[in-house]
Each structure stands twice: as C-alpha cells, then as structure tokens.
Protein chains: 4
Amino acid sequence: MAPVTRQSAPDPNRRNEQSRAAILTAAAELVAELGFAKLTIEKIAARAGVGKQTIYRWWPSKGAVVFDAFLAANENASGSLALPDTGDLGEDLRTLLRLTALELADPAFDRTGRALTAEVLTDPALLAEYRERLLDPLLAVTRDRLRSAREAGQLRADADLDLAVELLYGPLHYRWLHRLGPLDAGYADQVVAAVLGALGPAGD
Amino acid sequence: MAPVTRQSAPDPNRRNEQSRAAILTAAAELVAELGFAKLTIEKIAARAGVGKQTIYRWWPSKGAVVFDAFLAANENASGSLALPDTGDLGEDLRTLLRLTALELADPAFDRTGRALTAEVLTDPALLAEYRERLLDPLLAVTRDRLRSAREAGQLRADADLDLAVELLYGPLHYRWLHRLGPLDAGYADQVVAAVLGALGPAGD
Amino acid sequence: MAPVTRQSAPDPNRRNEQSRAAILTAAAELVAELGFAKLTIEKIAARAGVGKQTIYRWWPSKGAVVFDAFLAANENASGSLALPDTGDLGEDLRTLLRLTALELADPAFDRTGRALTAEVLTDPALLAEYRERLLDPLLAVTRDRLRSAREAGQLRADADLDLAVELLYGPLHYRWLHRLGPLDAGYADQVVAAVLGALGPAGD
Amino acid sequence: MAPVTRQSAPDPNRRNEQSRAAILTAAAELVAELGFAKLTIEKIAARAGVGKQTIYRWWPSKGAVVFDAFLAANENASGSLALPDTGDLGEDLRTLLRLTALELADPAFDRTGRALTAEVLTDPALLAEYRERLLDPLLAVTRDRLRSAREAGQLRADADLDLAVELLYGPLHYRWLHRLGPLDAGYADQVVAAVLGALGPAGD
DNA sequence: TGGTAACCGAGACGGTACGTCGAGTCTTGGC
DNA sequence: GCCAAGACTCGACGTACCGTCTCGGTTACCA
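What you see is a predicted model; the values in this text were computed from it and never measured.

**Student:** Would you mind showing me how to read helix 1 (residues 17–34) of chain C here?
**Tutor:** Within an α-helix, residues lying three or four positions from one another point in the same direction, as the helix has 3.6 residues per turn. Residue and element names in this part refer to chain C. End to end, helix 1 covers 26 Å across 18 residues, agreeing with the expected 26 Å (1.5 Å per residue, within 8%). Taken together, the buried positions of helix 1 are Ser19, Arg20, Ile23, Leu24, Ala26, Ala27, Leu30 and Val31. Angularly, the buried residues of helix 1 cover 165° about the axis, an arc narrow enough to put them on a single face. One side-chain oxygen at the N-terminal end of helix 1 lies 2.8 Å from the backbone nitrogen of glutamine 18; it belongs to asparagine 16. Looking at the residues trailing helix 1, positive phi occurs at glycine 35, about 85°.

**Student:** It is not clear to me how the pattern of salt bridges should be interpreted in this structure. Could you clarify?
**Tutor:** For side chains bearing opposite charge, pairing can occur when the charged atoms are close. On inspection of all chains with the given rule, the structure shows 60 salt bridges over all chains. A:Arg98 is the salt-bridge partner of A:Asp189, the closest N and O atoms lying 2.5 Å from each other. Residue A:Asp189 is located in helix 9 (residues 185–199), and its partner A:Arg98 is located in helix 5 (residues 89–105); the two are separated by 91 residues in the primary sequence. Classification of A:Asp189 by relative accessible area gives buried; the value is 19%. Here A:Arg98 falls in the partly exposed class, since its relative accessible area comes to 38%. For B:Glu42, the salt bridge identified is with B:Lys52, shortest N-O distance 2.9 Å. Of this pair, B:Glu42 sits in helix 2 (residues 41–48) while B:Lys52 sits in helix 3 (residues 52–58), and the two are 10 residues apart along the sequence. Here the salt bridges do not stand alone but share partners, grouping A:Glu29, A:Glu33 and A:Arg47 into one network.

**Student:** I would appreciate a short explanation of unusual backbone geometry in the present structure.
**Tutor:** The phi angle of most residues is negative, glycine excepted, and most peptide bonds adopt the trans form. With phi around 50°, C:Arg179 is a residue other than glycine that occupies positive phi space. Turning to its location among the elements, C:Arg179 is positioned in the loop between helix 8 (161–177) and helix 9 (185–199).

**Student:** Can you help me understand the interface of chain C and chain D in this one?
**Tutor:** By a frequent convention, interface size equals the accessible area lost on bringing the separate parts together. With 30 residues of chain C at the contact, the number on the chain D side is 31 residues. Taken together, the two surfaces of chain C and chain D that pack against each other cover about 3300 Å², and 68% of this comes from carbon and sulfur. Counting the surface chain C buries against chain D, the share from its top three residues, C:Leu121, C:Glu166 and C:Tyr174, is 23%. Linking chain C with chain D are 2 salt bridges. The shortest N-O distance in the salt bridge between C:Arg175 and D:Glu166 comes to 2.7 Å. The interface formed by chain C and chain D holds 12 residue pairs in polar contact (both at pLDDT 80 or more) in total. Going through the elements one at a time, helix 6 (107–122), helix 7 (124–151), helix 8 and helix 9 of chain C are the ones with two or more residues in the side of chain C that touches chain D. In the side of chain C that touches chain D, the residues fall into 17 nonpolar, 7 polar and 6 charged.

**Student:** Can you walk me through the environment of A:Lys62 in this structure?
**Tutor:** Residue and element names in this part refer to chain A. Topologically, lysine 62 is positioned in helix 4 (residues 62–77). Considering only alpha carbons, one finds lysine 62 and alanine 27, 35 residues apart in sequence, at a separation of 9.1 Å. Lysine 62 has contacts with Phe36, Ala37, Leu39, Thr40 and Ile41, leaving out every residue within four places of it along the chain. For lysine 62, the side chain forms a polar contact with the main-chain oxygen of leucine 39, separated by 3.2 Å.

**Student:** Looking at this model, I keep getting lost on the relation of the copies chain C and chain D. Mind explaining?
**Tutor:** Each of the two chain copies goes to the other by way of a rotation about an axis and a shift along it. Once chain C has been moved 0.1 Å along the axis and rotated by 180°, it coincides with chain D to within an RMSD of 0.3 Å. With respect to symmetry, the two chain copies, as superposed, fit the operation of a two-fold axis. A high fraction, 100%, of the interface residues of chain C reappear at the interface in chain D, so the copies pair face to face through one surface.

**Student:** Would you mind going over the UniProt feature "DNA-binding region" (unreviewed entry) in chain A with me for this structure?
**Tutor:** Within the UniProt annotation, "DNA-binding region" (unreviewed entry) is assigned to residues 40–59 of chain A. End C-alpha atoms of residues 40–59 of chain A are separated by 13 Å, and the span's content is 75% helix alongside 0% strand.

**Student:** Got a minute to help me understand the protein's contact with DNA strand F in this structure?
**Tutor:** Around DNA strand F sit 40 residues in total, of which A:Thr54, C:Lys52, C:Tyr56, D:Asn16 and D:Thr54 are the nearest. Atoms of DNA strand F within 4 Å of the protein: sugar and phosphate make up 68%, bases the balance. Those elements that provide at least two residues to the surface near DNA strand F are helix 3 (52–58) of chain A, helix 2 and helix 3 of chain B, helix 2 (41–48) and helix 3 (52–58) of chain C together with helix 3 (52–58) of chain D. Of all the elements, helix 3 of chain A adds the most residues to the surface near DNA strand F, at 4 residues. Residues that form the surface near DNA strand F fall into these classes: 12 nonpolar, 14 polar and 14 charged.

Conventions and cut-offs
- Residues numbered from 1 in each chain as written.
- Chains lettered and ligands numbered in written order.
- Predicted model: local features only at pLDDT ≥ 70, side-chain atom pairs only at ≥ 80, totals over all residues.
- Heavy atoms only, no water.
- Helix = DSSP H or I, 4+ residues; strand = E, 2+ residues; numbered from the N terminus.
- Expected span 1.5 Å × (residues − 1).
- Buried < 20%, exposed > 50% of the residue type's maximum accessible area, 1.4 Å probe, protein only.
- Arc of directions from axis to C-beta.
- Polar contact = N/O pair within 3.5 Å; in protein donor to acceptor, adjacent residues only side chain to side chain.
- Salt bridge = Lys/Arg side-chain N within 4 Å of Asp/Glu carboxyl O.
- Contact = heavy atoms within 4.5 Å.
- Buried area = accessible area lost by both parts, 1.4 Å probe.
- Nonpolar A, V, L, I, M, F, W, Y, C, P; charged D, E, K, R; others polar.
- Least-squares fit on C-alpha atoms with pLDDT ≥ 70 in both.
- UniProt positions renumbered as here; feature names shortened; annotations may be inferred.
- Near = heavy atom within 4 Å.

And the structure:
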C-alpha cells in the first residue's frame, strides 16, 4: 500500500515499517478523538513515538497522513467488495443503498467521513487518490451489477450506466452532506424505486 | 444582513459600517487569492486596515467571516430567486439544471465553492446558517415549482417532492464534488429526463 | 537600561517591564545552572513564563539576552565604580589588581565570565556594547587614577597611560584565559611592581 | 598527529587516511567560509564526501575537528619554532612582538583566531590540547630566550621569567581581544620597552 | 456642551504548532 | 570491520497566528 502522495526524494525501501504503522494508527486514533481540525502533526508524532521529521519525510501534509490512515483501514475491508447479485436488481440495489445509508447515518462515521470529504474536496491530489483507491472501485462494481441487469433486460437497453450510478449515490450523499433529512431504509428504497422507474424496462 | 453568529455581548448599533464592509471585502479578496486554508484573521485585518479585535468582536471564527462575505455577495443576486414557470415542467427543469451545472463547472466558482462546502461540512453552525440563508430557499422554490407541476398533472399525484428535489440536485453535486465527469447541458438534461421518467405521470 | 542591540522595528514603551525583568532573571539563573552552550531560548522563555516571541521581539540572539542579564546585574554593582586613592599609587594599584585577580579566580565568575568573553569575542556588536557599558568605564577610571599619580610625580611625565592600563590588566587576563597559573595577591603585586618599575619615576 | 581526544573504543590503525585528510580540509574551508558557529558536522561530512559516522568515530565534537584542522595547518609552520637570538635582547623581543602584533592584526587570522579562542575558552579539554600543542611550546621558547638574556646580564638576576612572558604577550592579547587600539610595530616596541624597563638590569 | 463609555486601530502578550535543521545513533550494502 | 549513505528519535530553532489584553484616539449618546 503506497502513501498518498510521494514526497520527491527520499525513498528506498530503507523505510521503517514499524514507524509507518505506528503513525497511521496514531493518526486514526487521534482523528477520532479530536477531530481533524484539532489534530496536529506533533500530536501524531508524540502518540506514535516518532520524530516529526519521519512524518514530514514520507507525507506532504496532515491531510495526507490521516487520509492514508483512513484508506489503510478501509481498503482491506472493501477488498471483498462484492455486491449482492440475487438476480433481482431491485432487491440488490435496495440492499446496497440501505447499507450505504446506514453507514452515512452512523455517527462514528460521520465525523471521520466529513473530515475526509472536506480534505478531498479541497486537495486535488487527495481526491485523485481517493478516487483511485476507494470511490472508483465502488462505482465500477456498482456499474457492473447494473450492466448485468441491463443484459438481463431489467434495465432499458439504452440506459446510461454512469448516470444510473450517480442517480443512486448522489441523492444519498447530498442529503447526508447537507443534513436534509433522515438516511434510513425507507429513503434508500425510495431512491431505488425512482431509478428503476426512470431506467427500468419501458413499461415499468 | 446579520453576521453569521452573534458574539455574546458587545453589539449596539454603534458598529462601524465602514469597517464591516472593509472586512468582508478583504475576506472575499483574500479567499480568492490564497484559498481558505492559507487565509488568516491577521491578514484580513491588515488588508482591511482594521484591528484584529474588531473582527473578533463581531465574528466567532475565520469561517464565519468568509462565509458572511460569501453570503453578502450572493444574497442580493438570488434575492430575485425566481424559477422559470413556462408551464412546461421539463423545459423549466432543464433550464434550472443547466444553469446549476454551468455554475458548478465555472472554475471561478469551483475554488470558493469547495472552500465553503468544506467549512459547512465540518461546522454544524455554519451548515445551519448556510441552510437557512441559501440552500433552503433554493430547495423551497424548486419544490414549489414541482408542486405546481404536480397539481397540473405533470407529475404523479403521489410524487414525493423532497425526494424529487434531491434526485435533481444530488447527482449534479455528487459529480461535481468528486469530479466524476463533465457538468454540461447534456448531463443536466439526462438528469431531468430521469426524474421525469421516474415521477412523471404513470404512462411515461 | 537599554537592551544590548535593538531589533529593527518593534518600538515604544509599550514594552512590558515585568516580562523584561523575568527574562533577564531566568537567563541569569539558567546560564549559571547549565552553562551558556546548553542554554536555549525555549528554556529561558519557559522559566520566565513568557512566550518565545517576546524574547525574539526585543533581543536578536541568545547571546544578547544573557549578555544583557550580565550587564544588568553588574552595572548597578559597579555604579560605585570608585578606585581607591590613598595618595600611594603602588598601594592603590595592588588593591585594584588583587581584587581583579580574586574575581577572575572565583569559580562562580569563571563559568559566566568565559561564556560572556566567548560571545563578546565573536560578535562585534556585543563587544561594542560590552566596551561601552563595562570595560571602557573601568579602563577610564583606572587611567584617571594613573593620571593623577603622574601629576603627583609618581609616574614618569611621559608615561603612556593607555599602555600602562594594558600592562596592568593584560597579563592577568592572559593568565586567566589560558589558565597559565594561579591568580593570587602575589601575582597581582608582581604585575604592579613591574609596571611601576617600567613607568615609575626615572630612578626607580 | 593524534586527534584531539580519543573516542573510547574504535581505533585500530585501520583508519582511512584519505577520509581523515578530507575531513580536516573540509573543516578548514568551511570554518573560513561560514565561521565556527554556522559550521555543522553534516556540512563537513557532505563537503568531505564522508559519512557522519566517520567523523563521530574519530572526533568527539565539532570543536575538536576544527581545532584539529587548525593545528594540522599550524604545527608544521611552527615546527621550526625558533626565536631570533642576535645577542641583543631588545632587538630580538621587538622582532618577536612585532610579528605577533602583525599576525593578530591580520584580518584573515582574526576570524579564525577569535573562533578558536572562543572554543578554547569554553572547553577545558580543548584548552589543554591547545596549551600542549601550540601555546606552551611558544611560551617555553620565549622563556628560553629570556633565560639566556638573564644569564647574559640583560635582565635582572631575580627576574621572574613566567611573569616576563606574560607581560610581553598579555597586553597584546588584551588589546587584540577587546579591540582597544591598533596592533602595530610601535605598540610592540612600547611593550618591549616597558618590560625591559621593569626587568632590565638595575639602572634601567 | 461637556462626560463618559464603547468602538476603533494598533500591536504586545502567553501560547501552540509549524516546518526545518542538526545532533548523535543505528542500519544497510559495498568493499 | 571500516566506510558512504541516509533513516531514525529528539530537541531547538525562528516564524506565523491564535485569541486576549492593554493602550491612546475618536466618536456618539446622556446628563
């Protein structure tokens, strides 16, 4: 697993793996305890039992460290990034969006998720990394499920899969970000129904 | 136009209007020049020719100042927050979303918009203010247009208007935030078509 | 009492006298405890209960602070910089040089004195300050005593007073600095005898 | 030529002579370019093309390296440490002190000399080394010249030679260190005259 | 119509964290 | 086992801003 953004020079494999792990662990703990804004490089270094320079040597910014910590934790989990495929598209999408809504609604995720989103929003390099390592794989897997549904005749032949994906995730994300309302199973089902209504086979 | 959040005590109307304006102007300029992260209260004060205390007296945080500056600039514009109503819902929504897409795609808006979104994302008080003064009015006005369309039979009688609004704005916002693809008229039209397909009168 | 070297800008009498005193006291204590080399600005600030910036605002270097502390302590003492004048030059000079030798031999003075000398040696600005505030007055007062002795016929009419002063203090300083031998009353008396032998009235 | 102070363990004669020379050369160059204070072990190592550890292995401190470099350069020169002996003490001493004054007045020597003196002043081990390898031989040779003069009746029989030596070098050093006045032939002659006046054969 | 109280510009203050430098130690790979 | 290279922990550097706190000075309301 590579760091978020390579510093220009320093890098062979002389890197100390213990330090790297301690830093990511400390960053993860501290961002949960303090929030991103009150987090400092000095505190990460102290908690990790590491010199500040060792952080600056391998990461370009506080955001990059926290981000790397987040990805390191989530990449394994979503290694088994397998969507359900029962043959019933509606059921599978409801399962998917209900889980998504559940995660967004989880207060534990909320703090970290907002901090990360704020970073990613602002720093193009972090966004690229985030896309590459988390978001794009998720969207791809979703698109795949939709494609097989389209081939099975459960979506219109001319359905635009990118659009479909964004119609699914966009409204949830929008509601979450602006706290427009509850993120529950009912809402997930509504969104799925709308997407199926829009892109489902003609008569639906 | 009131400041974002009132400091506890100090505020008669002895407030110096020139200072207030100079501060907001300076904040707007500096956030454009430096970005939000490199902006500091001291720089705002220096640029505005104002003592730091004058800022701390009237605003609780850097975010609040910048935010106030942003709102001061945008509130007037959207004072005439009137959606088109030609009678043809599809046409009106296409106009609305095309304009929205255009704004999001504007590089000048991008930097400021991302900075503000990052702040709003992280600070609940700012989010509340943002909701109250910009977002909610926009959503309300959109919902109103949809309601009149529903009454005119251009939407299903049981169409959920909140859902409809989020189906319209959510995908655009999602695509913008993650830079998933171009934000152009074509995409706006696709989203509108999908929403009409989902919530339009039964046979569509 | 002015600081060693004025920083360019920060100006007036807005200066906090309490902080100034606390800094000088802390510096004096710490240089005695740790020696000059192990002394740091951070430790001075911590001991004085003062922000680092307050030190950097008013002094250009660690050396300048310590130096100011030293001068502040010694200027008062030598305010009564009065040499004995019994009418007997030999006796008066022996008294003077014995005291000087005693001070140089004092281990408490040794550490501070060497640290200060090393600083003064290396930094022309500090040397100028040291000359102006401590050394020149001492030399002047010594020269005055010699002048009155010359007028009284206890020195040759053509005796060079600057030379005389350096003949008195130079050997003591040289012996002290290089630890060439004991600095005691006997040595002081020898030096005085030599100077009187060289510059005393012809027949002596 | 041995290093200033031996590190405890490592020293067989497996030592790399090329590295040693490169380090001393680099140190000498850098102390001239940057002065002692801005000199660092890392810069010496970089300039010499040597690992830091190689310096730490053989020298205990920055001061020791620079000092070793200084001695390495000066020991050869003063290997032929021979004072003139024309039979005329006054002439010989004038020659000696004029040369000494000239060296002290040389701006090129001034920087290095002050840096070294400051180190030697502060570090007892360096002072011992300096005494042993440079100063004591010089003083001894001077003392020898005075002794032969005393035996030739050019000094009083009871003249204290240590005192005489310090009377000669002390004033010059004192004037140099505190920049009290010009260090020229005239001043050298004055000092010599005074010493001869004080310690010369009875009648003058 | 003068007091007086608040705002205001300015900027010093005690702090926290920054990002960099160098110290001295340790590890790796080459000779 | 010395060496070049350089990563490591640690501590201090000097700077930037934080948010608080005086300082005059200048309004603007009240007696």
